[in-house]
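# Structural overview for review
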Amino acid sequence: MSAAELYTKYTRVWIPDPDEVWRSAEVIKDYKEGDKSLHLKLEDETLYEYPIDLQGNELPFLRNPDILVGENDLTALSYLHEPAVLHNLKVRFVESNHIYTYCGIVLVAINPYEQLPIYGQDVIYAYSGQNMGDMDPHIFAVAEEAYKQMARDEKNQSIIVSGESGAGKTVSAKYAMRFFATVGGSASETNIETKVLASSPIMEAIGNAKTTRNDNSSRFGKYIQIGFDKRYHIIGANMRTYLLEKSRVVFQAEDERNYHIFYQLCASASLPEFKDLGLTCAEDYFYTSQGGGTSVAGVDDADDFEKTRHAFTLLGVKESHQMTIFRIIAAILHLGNLEIRVERDGDACSISSKDNHLNSFCSLLGVEHSQMEHWLCHRKLVTTAETYVKSMSMQQVVNARNALAKHIYARLFSWIVQHINKALHTTIKQHSFIGVLDIYGFETFEVNSFEQFCINYANEKLQQQFNLHVFKLEQEEYMKEGIPWTLIDFYDNQPCIDLIEAKLGILDLLDEECKVPKGTDQNWAQKLYDRHTNSQHFQKPRMSNTSFIILHFADKVEYQSEGFLEKNRDTVYEEQINILKASKYQMVADLFQDEKDAASTSPVGKGALKISVRSARPAIKAANKEHKKTVGHQFRNSLHLLMETLNATTPHYVRCIKPNDEKLSFKFDSKRVVQQLRACGVLETIRISAAGFPSRWSYHDFFNRYRVLMKKRDLCNNDKKQICQTLLEDLIKDPDKFQFGRTKIFFRAGQVAYLEKLRADKFRAATIMIQKTVRGWLQWVRYKKLRQATVTIQRYARGHLARRLAEHLRRTRAAIILQKQYRMLRILRAYQRVRSAAITIQAFARGMIVRRIYHKILVEHKAITLQKYTRGWLARTQFCRVRTATIVLQCCYRRMKARQQLKALKIEARSAQHLKKLNVGMENKVVQLQRKIDEQNKEYKLLNEQLSMLTSAHSSEVEKLKKELLQYQQSHQGDDNQLISLQGEMEHLQLELEKARGERKVMEDSYIKEKDLLRKRISDLEEENAFLKQEKEELNNRIICQAEDEFAQNTVEENIQMKKELEEERSRYQNLVKEYSRLEQRYDNLRDEITVIKQAPGHRRNPSNQSSLESDSNYPSISTSEIGDTEDVMPQVEEVGIEEAAMDMTLFLKLQKRVRELEQERKKLQTQLEKKEEESKKSQVTEVKTEVTSEHEDFAYNSLKRQELESENKKLKNELNELRKAIADKATQNHSSNDIQDSYNLLLNQLKLANEELEVRKEEVLILRTQIMKAAQQKEMGKNVESIANDTRWPNSDKHIDQEDAIEAYQGMCKTNQLLEAQLQDQRREHEEEVEALKNQMDAMKEEMEKQQQTFLQNLQLSPEVQVEFGIQQEITRLTNENLDLKELLEKLEKNEKKLKKELKVYMKKVQDFQAFQTVVPADRRQRECHMQVAVQRKEKNFQGMLEYYKEDEPLLIQNLIIDLKPQAVSATVPCLPAYILYMCIRHADYINDDQKVHSLLTSTINGIKKVLKKHNNDFEMTSFWLANTRRFLHCLKQYSGDAGFMTQNTPKQNEHCLKNFDLIEYRQVLDHLSIQIYQQLIKIAGAILHPMIVSAVLENESIQGLCGIKPMGYRNRCSSVADGDISYSLDEIIRQLNTFHTIMSDQGLDPEIVQQVFKQLFYMISAVALNNLLLRKDVCSWSTGMQLRFNISQLEEWLRAKNLQESGAAQTLEPLIQAAQLLQLKKKTAEDAEAICSLCTSLTTQQIVKILNLYTPVNEFEERVTVAFIRDIQMHLQERNDPPQLLLNFKHMFPVLFPFNPSSITMDSIDLPASLNLEFLNKV
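Residues numbered from 1 in each chain as written. Predicted model: local features only at pLDDT ≥ 70, side-chain atom pairs only at ≥ 80, totals over all residues. Heavy atoms only, no water.

## Quick look at the overall build of the protein
The helix and strand inventory of the protein stands at 56 helices and 26 strands. By sequence separation, contacts in the protein at least 24 residues apart represent 74% of the contacts at least 6 residues apart. Element-wise, carbon and sulfur atoms account for 54% of the exposed surface of the protein, whose accessible area totals about 101,000 Å². (Helix = DSSP H or I, 4+ residues; strand = E, 2+ residues; numbered from the N terminus. Contact = heavy atoms within 4.5 Å. Areas by Shrake-Rupley, 256 points an atom, 1.4 Å probe, with all protein chains shown as cover.)

Printed below as a string of structure tokens:
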């Protein structure tokens, strides 16, 4: 495109600016060819004309679209030039606080001068395994790229970290090494990665110092090689150093310091071990105080010194060597404080022999005082003839002293580096390495000397290597894609390098001048002028004859030649060195003994292959005439060796930038940054990229991004490559502006910006169309609303007028009606008055007439009444006279007739015939009754004989049945004995009845009195108790009112804290288990390595056959003591702490279980006591009622008693029938002999007869009962009836009752009365005992109430918090006392239980023997065969749920059931079948009481499971299978342990399957630990499967097609470390994988609670990985990604609902990810938006919210960025939060697992063994 097309109106450009380097402006007038200026408008609205050179036609740089600003990779910018790079870095650094940015293959790191939370372990794990272009730029991404390429290409790697002082090189190198140490940890126990990191504090202490630019500046270069083995674990390291700045030891510029170690030692001089050093503060020493300040803000030298000493110890430096090191450093400080005195006019100097510092120097180094005093001021001159000793001047002595100090420090530095290398050395063969080069960047100061010359020379070499590498990568990319290769012109600095290092170059001339006896810096400078004046890279300054200028790649630098020769020679006098060689300290002497050897083994020699110090500083030799290598020569050789190493590796570049010189955080100085960008080669990389095709797109991404520019007919084509070619040919006419590769499209600089402009124009046009349509629709809606409102107003107005008219008409009509009614009422009232008056007159007149008539009638009625009464009296008088006369006549007549009849009866009574008739009837009656009595006596005797016969037959048969009919026989004999005793006592009871009645009356009277007293006492106690309760309630209310709020708040906080502590303890406990399993795995790996090493050179690996459990010593013996399960108390143990619980775990578990059981027992006793109190109250009421009742109630009681006896008789009868049926069934099953059958039939008949006899007796008893009741009624009739009974024998013949029956009835009644009295006495005794117990309890309660009153009074005087604590303490003491009391009772019960169990075992054996004896009966052969067949069938039916095996079959059992078992083999059977089989084997071993068998089987089972899990450590199905079986096996051990807590849901059949002899509680604990290990392995396997899918499926996959727009990508996205065929996943694949997990776990019978916890853990990992990736990726932080992410999360939530996992807590783990998605979608402009974000994002930390806002990137141009002010507003709102400083979530965090107890409903006897398991050797019992 032409310039006229690019520089149009509104186009933004960059123009130079003296202050800001580059300034943005906007074109306000289209540019035309030939214009001399460009009309611009600056950002401050000022107009500016930019002049254009017509010859050069240099137009200003174009500015990139805003959508490209802030890119992760500078090569993604469409316009690649200096202002674009500078602006992009500034936006990322200042606005987004991103310190890392890619520039092609270079990572640009800007020092933030602030600690950032982006270097933690979580960030390392987040970058580990990721592609370099997928994550935001980071030093960890570069390190991961190097590590991945080393593993993939098997080629050594190098990371080159460069930059000027203060840019952060050392920190970047340190973080890179930390990444390698974390990711590639050592495979052995040497912890080499820890030692590699420990070398950093030492090297910083002895090699770093404070400068004006950096508080921790590295004053030497170093190259650290980290070695790896074939499995890419760190095995060792090696360090090379370059050009230590020795001059800093003796000189520091203003505001600078010496090396840190000097100040650290001075800060710790007060320690006891350093008293002999004679040190004081750093201000007292010349070598540490020249710069002024001796401290650094924010640095504690004493604390750093402790870290340095710890690092020395960690690296294996002996304590004696450490002390010698510190003595040497202190000696250097004392050497700098020597007082030198001038003598003989300045030609000679001397040092006082009493100088304290000289004495300290000599004593610390162990040298002779006099010799050192002499040779510090003199030197030896050796000629061919003789040797002279010459005094030195003041300046010469000072130079010699400084040279000696520098030499000592340099030798010490070399020794420390050498020992660090020895500590990091390994004997294992190194497979590959990664080198980290931390070297100084390009330097230019006002005064540049020899050090700056060497530094810049090294940077020239590195820049050349960098340019060649970048050029090579570009060429490889073009050739790979088939792009025509055109030569790219790039800067080659080989001429500048030749100027320095070529023959007769600067270094050669310097070495030559050093060899001249009287060579000077001026002569050397003159030689440079003469030799190199014509060189294009060398210049002579105009105003100086001792300086020279070199044009480096970054800038031209002027060097002062003064001091070059002296620094290149690095001269130290031989006499001083010889004194040090003679030191009495061996280490001091050794520092200087190996100089010749060190000189001979230069870095070029064979020593390069070994671990040695390849130092760039010269090897110090004596100042004699021997030829020795100069500093420049050594530095050149070491630099060549370094370049050879780097060229043999794959380099990775990190360029550190210093943003400002003031060391202010996140301040960007454009001038300083541009200067460094030019110096470090970043702009050269940009220039090389811009010269070719810097912008590159894959066809797929280009199609998705620019499909809006395509035509509809083009989109119908399925070939995306052809569509892209057609589009570009239509849009870009110049074919040289783009090229089509095999997989990518290559664009020249600026073309992507042009395409983005076209795309934005298309969107803008579409937006205008949408806006037009929407605005028209809005106006139409507004019009309709206005029209509707107008119509509504009119309607209401018309309605109002109509209502007004209607109201007027209504009022008019109402007025007329009122008038009408008023007039009518007035006339009506007048009429009514007249009518009322007429009626009144008529009423009075008629009343007068009626009263007159009534008065007349009344007088007549009275007269009639008088007449009536008079006539009646007369008639009655006459009737009485007539009746009296008649009665007199009748009496006389009747008296006469009676006298006549009396005479006739007397005559008839004297005749005998009448008497005979009466006696004949009476005799017949007597005879009949006598006969009836005889018959009844005979029947009674016959029944007695039959009953005796039946009793004898029954007893004989019961003896034959032995113990099976023992209970029935005892009951029958008991009935006979009872009958005999009752008959014997009948006579005594009749005599004692009267006596008993008297006693009963006395007892009743005393009982009534005692009862009254007790009632009074109880009422008093109840009143007192009620009063105390009321008082207690009042006190409680007062206490609650005082402390309710505080107590509630404290309780909530304590509960939350205790829950947190419980979770932490549980997680800590499970982490210990996890760590144990990890160490166990590590031990196995080491053992495998040892076996591999011992074997032949082959690479065969034998799996480990031994588990770590076997190496831990044997399991504890099986305890027979019945102790409760430990699972319930494990949380309590965890709360106490693992360390405390480890002291005596078993005792602690026993006590915990005992306390819990005693607490339950206490509750039971308390409930029983309450029941007793209620029963006592009820008994009191009933006793009062019984005292009032009469003898009729006694008979009622007797009848109730008889009913109870009848019910018991019925029960016995039923039991007899059941027993008879059982015997019959057993007889039919056993098929016994004919004799037994006959005897059984006889017994059965006899039992039937007895039953019938009992029925008859029952009827007789009923008859007797009725007779007794009637006799009692007769007794109550009175004495008259008794006299009649004595006079005549048959008082009433109709009732058929004789005297014997009445006597028997009376005796029975006496007997029952005596029994009732005995029962009454027993009840009275029991009641008295209960009353005494209640009295004791009341006294105890009274004492407790008094104590509680005292405590309450004391509590009221305390504060509410103390009251709560005191109350809790009191409750604890009370519970402990009760528990200790109950503990003794429990122990007694346990002992009794053990005895009963032993007796039960003996009894069971006897029963089994008896059954076996009965089954062995001689019979015929057929009967035997039938019997055997029936027995076989009976065994199958009566399977006892036990499996028997021989001891020698145990390995085969473990092999077939555990090791070789596949989950598919038992998929069609009962879930967890192996667990049931193992338990049935354990149960049989328990049944036979075989301790060793149980121990061996359990140990083998656990070891077998561990072996299987180790073998299948990546198999989810196998791990889930054995987790389910392990848990089911543990459930069975609990369910059938005999512990009541685990048997609540058991059926009676299941209770029969409990273990009898052994308590396997300790093995249950081991299985619990094993379950935790299996669960953690299951999570690890599932996480490893899901982890690669999460980012691609959740963040990158387009579930909603066309929603995500793809932005231009940079070099890092183009050149990823993985192959081209990168695998991408969709969300459906994750859901399918989750379905697979769920199906496997559900089918294998894993507990639902565990399944829920598994998915909670997996969903947490999905959320954490996705959120961490989101926080580290700028390209996915957009609105469209938020929409996509929210949709994907909703799919996961829907899956949870479909699987009924809502209550698992998995959905809550997605909350941070949901809030992150909502944060991307929310509006981010106003303060209300900020408040909404803060209230919504409660699960995100402040750092995460700010990070997402900083990363938020618009995908399209019309989206707006988040402003810095809005982010600051968010930070202000979130200041009150106390969020952790951690940025990323720990996706490896594992929630503590809680294993439930789920008993099985399956009984053991219902389980069958499939033949596929090959367990034929197991026998069912």
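And the narrative resumes.
## Details of helix α42 (residues 1450-1459)
Where burial is concerned, most of α42 is hidden: 7 out of the 10 residues are buried. Among the structural elements, α43 (1473-1487), α44 (1491-1511) and α45 (1516-1535) are those in contact with the buried residues of α42. (Buried < 20%, exposed > 50% of the residue type's maximum accessible area, 1.4 Å probe, protein only.)

## A few points about the packing of aromatic side chains
In total, this model carries 40 aromatic pairs according to the counting rule given. Note on F450 and F564: the rings are 5.6 Å apart at their centroids and 85 degrees apart in plane angle, and the pair reads as edge-to-face. Of this pair, F450 sits in helix α15 (residues 450-481) while F564 sits in helix α19 (residues 564-569), placing them 114 residues apart in sequence. Given the relative accessible area of 3%, F450 is considered buried. What links up through ring pairs into an aromatic cluster is the set Y119, F140, Y147, Y175, F179, F180 and F228. The ring centre of Y1445 lies 4.1 Å from the NZ or CZ of K1493, which sits over that ring. (Phe/Tyr/Trp six-rings, centres within 6.5 Å; stacked < 30°, edge-to-face > 60°. Lys NZ or Arg CZ within 6 Å of the ring centre and 35° of its normal.)

## Side note on the pattern of salt bridges
Taken as a whole and assessed by the stated rule, the structure comprises 34 salt bridges. The residue E273 makes a salt bridge to R309 at a minimum N-O spacing of 3.0 Å. Placement of the pair is E273 in the loop between α8 (260-267) and α9 (286-289) and R309 in helix α10 (residues 301-314), with a sequence separation of 36 residues. Note that R811 and E807 form a salt bridge whose closest N and O atoms lie 3.3 Å from each other. (Salt bridge = Lys/Arg side-chain N within 4 Å of Asp/Glu carboxyl O.)

## Observations regarding the confidence of the model for the protein
Averaged over all residues, the pLDDT of the protein equals 78, while 76% of them reach at least 70. Taken together, the stretch residues 1181-1195 has pLDDT below 50 and engages in 15 contacts with residues farther than four places along the chain or on a different chain. A low-confidence stretch, residues 1415-1437 stays under pLDDT 50, and its non-local contacts, those more than four residues away or across chains, total 5 contacts. (pLDDT = per-residue confidence, 0-100.)

## Topic: helix α56 (residues 1764-1773)
Taken residue by residue, α56 has F1766, I1767 and I1770 as its buried positions. Down the axis, α56 shows its buried residues gathered within 100 degrees of arc, on one side only. Exposed and facing more than 90 degrees away from the buried side of α56 are A1765 and M1772. Elements that come into contact with the buried residues of α56 comprise α54 (1727-1736) and α55 (1742-1751). (Arc of directions from axis to C-beta.)

## Remarks on the packing of α42 against α44
Between α42 and α44, the least distance of the axes is 10 Å, while the angle of their chain directions is 35 degrees. Of the two possible hands of crossing, α42 and α44 adopt the one that is right-handed. Two secondary-structure elements touch here, α42 through E1450, L1453, I1454, I1458 and I1459 and α44 through K1493, S1496, L1497, S1500, T1501, G1504, I1505, K1507 and V1508. Residues of the contact of α42 with α44, tallied by class, amount to 7 nonpolar, 4 polar and 3 charged. (Axes fitted to C-alpha atoms, helices over the stretch in contact; angles between N-to-C directions. Left-handed = near helix turned anticlockwise from the far one by under 90°. Nonpolar A, V, L, I, M, F, W, Y, C, P; charged D, E, K, R; others polar.)

## Considering unusual backbone geometry
A positive phi angle is found at E45, which is not glycine, with a value near 70 degrees. By secondary structure assignment, the location of E45 is in the loop between β3 (37-42) and β4 (47-51). Judged by its relative accessible area of 54%, E45 is exposed. For L243, which is not glycine, the phi dihedral falls at a positive 50 degrees. Position of L243 among the secondary structure elements: in the loop between β12 (234-242) and α7 (247-250).

## Structural notes on the sheet that holds strand β23 (residues 738-740)
Pairing within the open sheet is antiparallel, and its 3 strands lie in the order β22-β24-β23. Strand pairing shows two members of the sheet lacking a second neighbour, β22 (695-698) and β23, which therefore form its edges. Geometrically, the sheet is characterised by an average inter-axis angle of 20 degrees between neighbouring strands, direction not taken into account. One ladder, built from 4 bridges, connects β22 with strand β24 (residues 744-747); its direction is antiparallel. Its bridge partner lying in β24, S695 is registered against F747. Of the strands in this sheet, β22 and β24 are in contact with α15, which crosses β24 at around 130 degrees. Across the sheet, helix α28 (residues 720-731) lies against β23 and β24, angled at about 160 degrees from β23, the strand it touches most. (Pairing = 2+ DSSP bridges.)

## Some points on the nonpolar core
Where a protein is soluble and globular, its nonpolar side chains tend to be buried together. Core analysis: the largest hydrophobic core is formed by 329 residues, its most contacted members being F180, F262, M372, F548, I1477, L1634 and F1655. If you tally residues by element for this core, the top one is helix α47 (residues 1561-1596), at 18 residues. Setting aside anything within four residues of it in sequence, one finds F180 in contact with A143, A146, Y147, I159, G185, I226, F228, I234, I434 and V436. Judged by nonpolar contacts, the second largest core, of 17 residues, contains Y699, Y706, I723 and L755. (Core = buried A, V, L, I, M, F, W, Y, C linked by side-chain atoms within 4.5 Å.)

## What about the pairing of strand β14 (residues 348-351)?
Consecutive residues of a regular strand have side chains that alternate between opposite faces of the sheet. Here β14 shows a buried face lined by A348 and S350 and a second buried face lined by C349 and I351. The pairing of strand β13 (residues 340-343) with β14 spans 4 bridges and is classified as antiparallel. Each residue of the ladder has a partner; that of E343, found in β14, is A348.

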